[in-house]
Amino acid sequence: MSTQRITAVIVTYESAAEIGECLDALSHYGVDAVVVDNASTDGTLQAVRESRARLIANPENRGFAAAVNQGCSVCDTPLVLLLNPDTVLASDPCLLAAEFDNPAVGAASGPLLNADGSVQAGFTVRRFPTALTLAFEVLGLNRILPSNPINRRWRCMDLDLSRPCNVEQPAGAYLMIRHAVWRALGGFDEAFYPLWFEDVDFCFRLCTKQYYVRFIPTAVAKHTGAHSIRKIPVEFRLFYWYGSLLRYAAKHCRPYARRLLCLAVVSGALARLVPELVNHPGTKLLKMYGRIVRLAGQYFIGSQQSVERVS
């Protein structure tokens, strides 16, 4: 199967150290790429311009979802391969493309590997989170007791990743999508700003339309992870994560479950406040936790339908 059916879409932000290897691997497999850059200042643009990739350079950070939509909108191939800049193909993407011969398949992915070749279990593929799942996460229970049944089910620790199977939510760092399905669903929800849960939301909407998501164990890619996240100030990072989590719950959880999750967010945020202040002292973090609590309150009463942006 020809890779001319595939276009890779990569969103970059301060990704100069990672994007070169990612693009080299795509070139090796004959896959064209569209890179959407969210106002990088570290040499990312120059690195992309030295490659064969098409570059869309945003003058401001539009967020991951909006940048993905930009990239997909200029693609003219039936398949789009979403890649993070720190994801490097280690197998022919035709292994994923072959799954789309079945018209019921809307997306496909494979294992993400650590530097030592081990699978990034718990991240490569997950089930859709429930309000209880998210409550365990925000309360820190999944960190304290990682083998609890709620966490194991969410992170698919019971799944045999050595066999092809249908899954619910592969990581957006490595996800092939049928372009027609992306258009039918209206792309990613750009209110998940600047990142987190937009890929979960997309896969959830895809599955509600009765499309399958396939997992192919031989279609592997290497993944470093979190290179852009580390460059976001910790206080903003927290607000973005809680905000996107709450938006996902508002869209896909029942009202009573959403309200219980809001209470868990407040409790978990307050529990994290003291140790966070020890590691990152200052008023910025304290103010941001206050904003998180207020945001949870807005979602609790149902008045907040989009995530507040932080400048």
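See the structure shown above.
Residues numbered from 1 in each chain as written. Predicted model: local features only at pLDDT ≥ 70, side-chain atom pairs only at ≥ 80, totals over all residues. Heavy atoms only, no water.

Draft legend 1. The arrangement of the packing of helix H9 (residues 198–208) against helix H10 (residues 234–252) in detail. The geometry of H9 relative to H10 is characterised by a closest axis approach of 10 Å and an angle of 15° between their N-to-C directions. Classified by the interaxial angle, the pair formed by H9 and H10 is roughly parallel. Judged by the twist between their axes, the crossing of H9 over H10 is right-handed. Along its contact with H9, which presents Val200, Asp201, Phe204 and Arg205, the element H10 presents Tyr248, Lys251 and His252. Each residue belonging to the contact of H9 with H10 can be placed in one class, and the counts come to three nonpolar, one polar and three charged. (Axes fitted to C-alpha atoms, helices over the stretch in contact; angles between N-to-C directions. Helix = DSSP H or I, 4+ residues; strand = E, 2+ residues; numbered from the N terminus. Parallel < 35°, antiparallel > 145°, perpendicular 65-115°, else oblique. Left-handed = near helix turned anticlockwise from the far one by under 90°. Contact = heavy atoms within 4.5 Å. Nonpolar A, V, L, I, M, F, W, Y, C, P; charged D, E, K, R; others polar.)

Draft legend 2. Main features of the nonpolar core. Counting residues in hydrophobic clusters, the biggest one holds 66 residues, and the most contacted among them are Phe197, Leu245 and Val265. Broken down by element, the residue count for this core peaks at ten residues, all from H10. Excluding its chain neighbours within four sequence positions, the residues that come into contact with phenylalanine 197 are Pro129, Leu134, Phe192, Trp241, Ser244, Leu245 and Tyr248. Counting residues in each nonpolar core, the second largest holds 31 residues, with Cys22, Leu79, Leu89 and Leu96 among its members. (Core = buried A, V, L, I, M, F, W, Y, C linked by side-chain atoms within 4.5 Å. Buried < 20%, exposed > 50% of the residue type's maximum accessible area, 1.4 Å probe, protein only.)

Draft legend 3. Looking closely at the pairing of strand S11 (residues 174–178). Among the five residues of S11, five are classified as buried, and the element is accordingly described as predominantly covered. What you see with S11 is no split at all: Tyr174, Met176 and Arg178 on one side and Leu175 and Ile177 on the other are buried throughout. Strand direction decides the pairing type here: strand S4 (residues 79–83) and S11, joined by five bridges, are antiparallel. Residue pairing for S11: leucine 83 is matched across the bridge by tyrosine 174. Bridging between strand S6 (residues 105–109) and S11 involves two bridges; their strand directions are antiparallel. When the sheet's bridge partners are listed, alanine 108 is paired in S11 with methionine 176. (Pairing = 2+ DSSP bridges.)

Draft legend 4. View of helix H3 (residues 64–73). Of all ten residues making up H3, nine are buried, and the element is well covered by its neighbours. Taken together, the buried positions of H3 are occupied by Phe64, Ala65, Ala66, Ala67, Val68, Asn69, Gln70, Gly71 and Cys72.

Draft legend 5. Spotlight on the packing of aromatic side chains. Inspection of the entire model under this criterion finds eight aromatic pairs. When the centroid spacing of 5.8 Å and the interplanar angle of 35° are considered together, the rings of phenylalanine 197 and tyrosine 248 count as tilted. Taken together, the residues span a long stretch of sequence, with phenylalanine 197 in the loop between helix H8 (179–184) and H9 and tyrosine 248 in helix H10 at a distance of 51 residues. Classification of tyrosine 248 as buried rests on a relative accessible area of 1%. Between tryptophan 241 and tyrosine 242 the ring centres are 5.1 Å apart and the planes differ by 70°, which places this aromatic pair in the edge-to-face class. Its relative accessible area of 17% is what places tryptophan 241 among the buried residues. Given a relative accessible area of 1%, tyrosine 242 falls into the buried group. Positioned over the ring face of tryptophan 154 is arginine 126, at 4.7 Å from the centre of the ring. A cation over a ring is seen here: arginine 291 above phenylalanine 239, with NZ or CZ 5.3 Å from the ring centre. (Phe/Tyr/Trp six-rings, centres within 6.5 Å; stacked < 30°, edge-to-face > 60°. Lys NZ or Arg CZ within 6 Å of the ring centre and 35° of its normal.)

Draft legend 6. The side chain of serine 40, seen in detail. By secondary structure assignment, the location of serine 40 is in the loop between strand S2 (32–38) and helix H2 (44–49). Of the residues examined, serine 40 reaches a relative accessible area of 11% and is grouped as buried. From its side chain, serine 40 meets the backbone nitrogen of glutamate 14 in a polar contact 2.6 Å long. Polar side-chain contacts of serine 40 include one of 2.6 Å to the side chain of aspartate 37. Here serine 40 is in contact with Thr12, Tyr13, Glu14 and Ser15, once residues within four sequence places are set aside. (Polar contact = N/O pair within 3.5 Å; in protein donor to acceptor, adjacent residues only side chain to side chain.)

Draft legend 7. The pairing of strand S3 (residues 54–58), seen in detail. Two strands pair when backbone bridges link them, and S2 and S3 are joined in this way by five bridges, in the parallel orientation. When the bridges of S3 are listed, valine 36 appears paired with isoleucine 56. Since S2 and S3 lie parallel, the crossover through H2 that links them has a hand, and here it is right-handed. (Right-handed = clockwise from strand over helix to strand, strands pointing away.)

Draft legend 8. Inspection of a nonpolar patch on the surface at higher detail. Side chains of Tyr256, Leu260, Leu263, Phe300 and Ile301 sit close together on the surface and give an oily, nonpolar patch of about 550 Å² of accessible area. Listing elements by their share of the nonpolar patch, those giving two or more residues are helix H11 (255–279) and helix H12 (283–301). Here the nonpolar patch gets three residues from one element, more than from any other, and that element is H11. Counting through the fold element by element, leucine 260 comes out in helix H11. (Patch = residues over 30% accessible without salt bridge, like charges linked within 9 Å, V, L, I, M, F, W, Y side chains within 5 Å. Areas by Shrake-Rupley, 256 points an atom, 1.4 Å probe, with all protein chains shown as cover. Salt bridge = Lys/Arg side-chain N within 4 Å of Asp/Glu carboxyl O.)

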